[in-house]
Amino acid sequence: YDKNTFIQNLLNTFNPDEVAKVMELYRLGTNNREYLNGAISFPFIDINQKVRAVQLKQFDKDNHTINQNWLHSIIKPQPEWIEAYKKNDKIVSCLFGEHLLNKFPNKPIALVEAPKTAIYGWLYFNKSKTFLKDCIWLAVFNKSSFSFDKLKVLQGRFVYVFPDLSKDGSTFIEWETKAKEYEKKLHITRFIFSDLLERLATQQDKDNGSDLADIL
């Protein structure tokens, strides 16, 4: 991890023991290949402990993305199972952190867009005095991934949702509208939306599409 900029940035900000714990919980790794060398690996592991995808991201000193790809795209030579995988409709078919649901069956969920944001959320709030300290932090992957197929695994949970900012607040409105429909299909499931970012963010933050990690 000494060449993993993302992890090194976390170690410069948070308690090393907490960083080690989050690395173990989410099974974060480092890409050792020449291409994207030192990139953090974010594995998307489903509730049955099956790896569905592995995202590779390189970050700068401020932990802003500078390059990214998928592990299945850079493995050479490519085995037959990767060729079959590429024929799937979706690259990412589960939530980031989904494998933690069975480990913590009674905890509420904090849901964000990107894996990076989930990691920052866990590190910032797990020692706080707010209700968020008890949450499992999960990520959907991108804006369009706030879908019923992905979120149905959260049935029966309280889910606190933190949409990324958008220039006109459209992401917040879109996700909140979808969540109301999902609640009708998912028994005893509550999606509770935080407007914290919408209220506190500057217009520049909104124009940039900043997320919870950026604001923190």
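Everything in this summary refers to the structure shown in the same document.

Rules used in this analysis
Residues numbered from 1 in each chain as written. Predicted model: local features only at pLDDT ≥ 70, side-chain atom pairs only at ≥ 80, totals over all residues. Heavy atoms only, no water. Pairing = 2+ DSSP bridges. Helix = DSSP H or I, 4+ residues; strand = E, 2+ residues; numbered from the N terminus. Axes fitted to C-alpha atoms, helices over the stretch in contact; angles between N-to-C directions. Contact = heavy atoms within 4.5 Å. Buried < 20%, exposed > 50% of the residue type's maximum accessible area, 1.4 Å probe, protein only. Phe/Tyr/Trp six-rings, centres within 6.5 Å; stacked < 30°, edge-to-face > 60°. Lys NZ or Arg CZ within 6 Å of the ring centre and 35° of its normal.

## Here we look at the sheet that holds strand E8 (residues 190-193)
Taken in spatial order, the four strands make up an open sheet running E6-E5-E7-E8, and their pairing is parallel. A single partner strand is all that each edge strand has here, and the edge strands are strand E6 (136-139) and E8. The sheet shows a mean angle of 30 degrees between the axes of neighbouring strands, direction not considered. Here strand E7 (residues 158-161) pairs with E8 via four bridges, running parallel. Counterpart to Val159 in the pairing with E8 is Phe191. Relative to the sheet, helix H5 (residues 115-125) contacts strand E5 (109-112) and E6, its axis offset from that of E6 by approximately 165 degrees.

## A short note on unusual backbone geometry
A negative phi angle is the norm for most residues apart from glycine, just as the trans form is the norm for most peptide bonds. In this chain, Lys76 is followed by Pro77 through a cis amide linkage whose omega measures -10 degrees. One can find Pro77 in the loop between helix H3 (71-74) and helix H4 (80-85). Backbone geometry at Gln49 places phi at a positive 70 degrees, although glycine is not the residue there. Relative to the helices and strands, Gln49 is located in the loop between strand E2 (40-45) and strand E3 (51-59). Its relative accessible area of 37% is what places Gln49 among the partly exposed residues. Backbone geometry at Asn63 places phi at a positive 55 degrees, although glycine is not the residue there.

## Quick look at the packing of aromatic side chains
Each aromatic ring pair is summarised here by two numbers: the centre-to-centre distance and the angle between the ring planes. Applying the stated criterion to the full structure yields 21 aromatic pairs. For the ring pair Phe14 and Tyr124, a centre distance of 5.1 Å and an interplane angle of 90 degrees mean the geometry is edge-to-face. With Phe14 in the loop between helix H1 (5-11) and helix H2 (16-26) and Tyr124 in helix H5, the pair connects residues that are 110 residues apart, well separated along the chain. We classify Tyr124 as partly exposed; its relative accessible area is 32%. Aromatic side chains Phe146 and Phe191 sit 6.2 Å apart centroid to centroid with 65 degrees between the ring planes, which places their arrangement in the edge-to-face category. On the criterion of sequence distance, the pair formed by Phe146 in the loop between E6 and helix H6 (148-151) and Phe191 in strand E8 is long-range, its members being 45 residues apart. Judged by its relative accessible area of 7%, Phe191 is buried. Put simply, the rings of Phe6, Phe14, Tyr26, Phe42, Phe44, Phe59, Trp70, Phe96, Tyr120, Tyr124 and Phe141 touch in pairs and so form one group of aromatic residues. One residue, Lys185, lies across the ring of Phe148, its end atom 4.9 Å from the ring centre.

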